[in-house]
Amino acid sequence: MGTPSLSPWAVLALALLLVGLWAPFVVSEQPNFIVILADDMGWGDLGANWAETKETPHLDQLAAEGTRFVDFHSAASTCSPSRASLLTGRLGVRTGVTHNFAITSLGGLPLNETTLAEVLREAGYSTGAIGKWHLGHHGRHHPNFRGFDYYFGIPYSHDMGCTDTPGYNLPPCPPCPRHGTAAREARKDCYTEVALPLFENITIVQQPVELGSLATRYAEEAARFIQRASDSGRPYFLYLALAHMHVPLTPPLPPAPGRGIYGASLGEMDALVGRIKEVADSHGKGNTLLWFAGDNGPWAQKCELAGRLGPFVGAWQRQRGGSSAKQTTWEGGHRVPALAYWPGRVPAGRTSHALLSVLDIFPTLVALAGAALPPNRRFDGLDVSPVLFGRSDVGHKVLLHPNSGAAGKVGEIEALRLAQYKALYTTGGAMACDGSTGPAERHQPPLIFNLDRDLQEQQPLDVASGEYQAVLPAISRAYAQALQDIAADNVSLADYSQDPSAIPCCDVRRVGCRCRGAHGATLPPHVEKRTPWLCL
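In this report, the structure presented in the accompanying data block is examined. (Residues numbered from 1 in each chain as written. Predicted model: local features only at pLDDT ≥ 70, side-chain atom pairs only at ≥ 80, totals over all residues. Heavy atoms only, no water.)

## Digging into empty space enclosed by the protein
Here comes step 1: Following the criterion strictly, the structure yields four cavities of 30 Å³ or more and no others.
Here comes step 2: What the largest cavity holds in volume is close to 130 Å³.
Here comes step 3: Lining the largest cavity are 16 residues, and of these His158, Asp159, Gly161, Gly167 and Cys173 lie nearest its centre.
Here comes step 4: Split into classes, the residues belonging to the lining of the largest cavity amount to ten nonpolar, five polar and one charged. (1 Å grid on protein atoms, 1.4 Å probe; cavity = no way out; pocket = protein on both sides within 12 Å on 5 of 7 lines; lining within 4 Å. Points joined across faces, edges and corners; volume = space filled by probe spheres on them. Nonpolar A, V, L, I, M, F, W, Y, C, P; charged D, E, K, R; others polar.)

## Some points on the packing of helix α6 (residues 214-232) against helix α7 (residues 260-282)
Here comes step 1: At a minimum axis distance of 10 Å, the contact between α6 and α7 shows a crossing angle of 10°. On the basis of their axis angle, the class for α6 and α7 is roughly parallel. Crossing of α6 over α7 shows right-handed handedness. In this structure, α6 uses Ala215, Tyr218, Ala219, Ala222, Ala223 and Ile226 to contact α7, whose residues at the interface are Glu268, Leu272, Arg275, Ile276 and Val279.
Here comes step 2: Residue composition of the contact of α6 with α7, by class: nine nonpolar, no polar and two charged. (Axes fitted to C-alpha atoms, helices over the stretch in contact; angles between N-to-C directions. Helix = DSSP H or I, 4+ residues; strand = E, 2+ residues; numbered from the N terminus. Parallel < 35°, antiparallel > 145°, perpendicular 65-115°, else oblique. Left-handed = near helix turned anticlockwise from the far one by under 90°. Contact = heavy atoms within 4.5 Å.)

## Here's the deal with the sheet that holds strand β16 (residues 438-450)
Here comes step 1: Across the sheet, four strands lie side by side as β13-β14-β15-β16; this open sheet has antiparallel pairing. Edge positions in the sheet fall to β13 (398-402) and β16, since each has one partner strand and no second. Neighbour to neighbour, the strand axes of the sheet diverge by 20° on average, direction disregarded. (Pairing = 2+ DSSP bridges.)

## Overview of helix α3 (residues 79-88)
Here comes step 1: Counting buried residues in α3 gives ten out of ten residues, a clear majority hidden from the surface.
Here comes step 2: Of all the residues in α3, the buried ones are Cys79, Ser80, Pro81, Ser82, Arg83, Ala84, Ser85, Leu86, Leu87 and Thr88.
Here comes step 3: Buried residues along α3 sit in contact with β1 (32-38), α4 (92-95), α5 (116-122), β8 (236-241) and α10 (361-368).
Here comes step 4: Gly89 sits one or two residues past α3 and shows a positive phi near 75°. (Buried < 20%, exposed > 50% of the residue type's maximum accessible area, 1.4 Å probe, protein only.)

## Focus: the packing of helix α2 (residues 57-65) against α7
Here comes step 1: Contact geometry of α2 with α7 gives a least axis separation of 7 Å together with a crossing angle of 45°. Considering the angle they form, α2 stands oblique to α7. Taking contact as the criterion, the partners of Pro57, His58, Leu59, Leu62 and Glu65 in α2 are, on α7, Met269, Asp270, Ala271, Val273, Gly274 and Lys277.

## Structural notes on the sheet that holds β8
Here comes step 1: Strand order across the open sheet formed by ten strands is β7-β6-β5-β4-β8-β1-β9-β10-β2-β11, with mixed pairing between neighbours. Each edge of the sheet is formed by a strand with only one pairing partner; in this case those strands are β7 (203-206) and β11 (350-352). Between one strand and the next, the sheet's axes are offset by a mean angle of 20°, whatever the strand orientation.
Here comes step 2: Against the sheet, α2 touches β2 (67-69), β9 (288-294) and β10 (338-341), its axis set at about 60° to β10.

## Concerning the nonpolar core
Here comes step 1: The biggest cluster of nonpolar side chains holds 72 residues, and the ones touching the most others in it are Phe237, Tyr239, Leu289 and Leu365.
Here comes step 2: In terms of residue count, the dominant contributor to this core is helix α12 (residues 466-487) (eight residues).
Here comes step 3: If we ignore the near neighbours within four places in the chain, the residues touching Leu365 are Phe33, Val35, Leu116, Leu120, Phe237, Leu289 and Trp291.
Here comes step 4: The next biggest cluster of nonpolar side chains, apart from the first, holds 52 residues, and it includes Met41, Leu62, Leu214 and Ala215. (Core = buried A, V, L, I, M, F, W, Y, C linked by side-chain atoms within 4.5 Å.)

## Topic: the packing of aromatic side chains
Here comes step 1: Enumeration according to the criterion identifies 16 aromatic pairs in this entry.
Here comes step 2: Ring-pair connections join several aromatic residues into one group, and the members of that group are Trp133, Phe148, Phe237 and Tyr239.
Here comes step 3: Over the face of the ring belonging to Tyr150 we find Arg228, whose NZ or CZ atom lies 4.8 Å from the ring centre.
Here comes step 4: The ring of Trp299 carries Lys326 above its face, with NZ or CZ at 4.2 Å from the centroid. (Phe/Tyr/Trp six-rings, centres within 6.5 Å; stacked < 30°, edge-to-face > 60°. Lys NZ or Arg CZ within 6 Å of the ring centre and 35° of its normal.)

## Some thoughts on the state of the cysteines
Here comes step 1: Scanning the model with the defined rule gives five disulfides in all.
Here comes step 2: With its sulfur 2.1 Å from that of its partner, Cys173 forms a disulfide with Cys190. What sets the handedness of the Cys173 and Cys190 disulfide is the S-S torsion sign, and at about -85° it is left-handed. A residue pair is termed long-range when its members are at least 10 positions apart, and Cys173 in the loop between β5 (150-153) and β6 (198-200) and Cys190 in the loop between β5 and β6 qualify at 17 residues.
Here comes step 3: Assessed through its relative accessible area of 12%, Cys190 is described here as buried.
Here comes step 4: Numbered by position along the chain, the disulfide-linked cysteines of the protein chain connect as 1-3, 2-4, 5-6, 7-9, 8-10. (Disulfide = S-S within 2.5 Å.)

## With respect to unusual backbone geometry
Here comes step 1: At the junction of Leu170 and Pro171, the peptide bond is cis and its omega measures out at 0° in the coordinates.
Here comes step 2: Turning to its location among the elements, Pro171 is positioned in the loop between β5 and β6.
Here comes step 3: A cis geometry characterises the amide bond from Gln444 onward to Pro445, with omega recorded as 10°.
Here comes step 4: For Pro445, the location among the structural elements is in strand β16.
Here comes step 5: Positive phi values are uncommon outside glycine, yet Asn201 reaches one of about 55°.
Here comes step 6: Looking at where Asn201 falls in the secondary structure, it is placed in the loop between β6 and β7.

## What about the pattern of salt bridges?
Here comes step 1: Taken as a whole and judged by the stated rule, the model has 27 salt bridges.
Here comes step 2: Two residues, Arg83 and Asp39, come together in a salt bridge whose shortest N-O distance is 3.6 Å. Remark: Asp39 occurs in the loop between β1 and α2 and Arg83 occurs in helix α3; sequence separation between them is 44 residues.
Here comes step 3: We classify Arg83 as buried; its relative accessible area is 0%.
Here comes step 4: Since its relative accessible area comes to 0%, Asp39 is described here as buried.
Here comes step 5: For Arg83, the salt bridge identified is with Asp295, shortest N-O distance 2.9 Å. In this pair, Arg83 is assigned in helix α3 and Asp295 in the loop between β9 and α8 (315-318), connecting sequence segments 212 residues apart. Asp295 matches Arg83 in its accessibility class, with the two residues each being buried. (Salt bridge = Lys/Arg side-chain N within 4 Å of Asp/Glu carboxyl O.)

## Quick look at the side chain of Thr329
Here comes step 1: Within the fold, Thr329 resides in the loop between α8 and α9 (331-334).
Here comes step 2: When its relative accessible area of 8% is taken as the criterion, Thr329 is described as buried.
Here comes step 3: Not counting residues up to four positions away in its chain, the partners in contact with Thr329 are His334, His401, Pro402, Asn403, Ala415, Lys422, Leu424 and Thr426.

Taken by themselves, the reported measurements are silent on function.
Structural data, given as structure tokens:
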């Protein structure tokens, strides 16, 4: 029996039908992209997620006008690996970025890894990075050599260098020395020798940074970048990596009742995001996707200066000591707040339960820009445009969680999600507020939690139960396949070697690398040009 033939009109009608079905995913012109990454923000620090939080009215409005993702995860639960994954769509076990870079680091994100900025710039985008980088600052690891036309920010966390007016921290850190070695004071967990630098492109424009004005300066530079890009007629990609909420800066306003210093800093961050949204709307509302997410969970050892976990308290671990937040593979370490806003494209007022990751930002934006993924490598992220546009609520079938410092070898995959099930082959607690850490424990067979019933990760399934026995084979297969995929991939090796000569320093002759005239104030342009430190 032959295959029935279709008339040309039937073929045309079928083609139009298929085009109609896929039309919501087709972007007629290249959209603008703004990715805002918060630092150490807890899932419960977003009011739309957690009713107790009152300091995020602008973010809550963003959620009301866009889509909120409640099962969204960082790719690692510490800074550098998470950021590397956002900009490459690949886990640290593939990129080689498995732990944080230091102020003395010679290396960074390997140069053979292609960044999102490089792909989008090749596709015609203006590209800008503002804020914390933490992917290598020495030589060609600087953001200006990683696809960004413009950079303004700090090369690593804002507590990785002294300032004249130190922000809040535990333990409190002293200000930068001013007059020789006698003024230097060693404190545990404090950087007292070299001042924190502020870069504009490859030039240090302020050292030490004035933390109290940093949020304002980020907002101003973001607005200028958006204006310049809009004037050029080119689409733009802005990556805004906030200093908040790592440890609070110096809030310009007195702490609000209830949450104190942390709450005031959270409110400052919220206002900054609100300002960016306002600027973006005034330069192309309807053609700009704004994606907000956290880089990992809160830093519990900072006590009252750390964020809220919401329900993701990792109760099983807490009973054994240590924190279940940042640096761990418990939900509090990697489940982060996430929002998407794009008027007319992303549905307003929607809550998505799709299993998503910061890894998905890379392939999704590349697809929306009409560009192609880099060849000869495998990606852990997905193009989640159907979820973004409300046509689907299905994300990852399997999501991997690497060790990030609390237990096990850093970067190795010893935890994963499969649907509602979370399997942990290694557990351990990071340092908690009381100074305790949970011992590393190996689990074979793995601990398995059903997150549909147990968001607190309090009681793993009984190994002898029918549910455990039913799901274990699928988890074991998924885990084995993931490890095989990684082993077969084109993986990179990051250079973690260190040398004091790599420390950014605008004037090595002065104590703390203090720039001439930079006493907590912005250097005038003519001074900036006379006394730069070039990161080449």
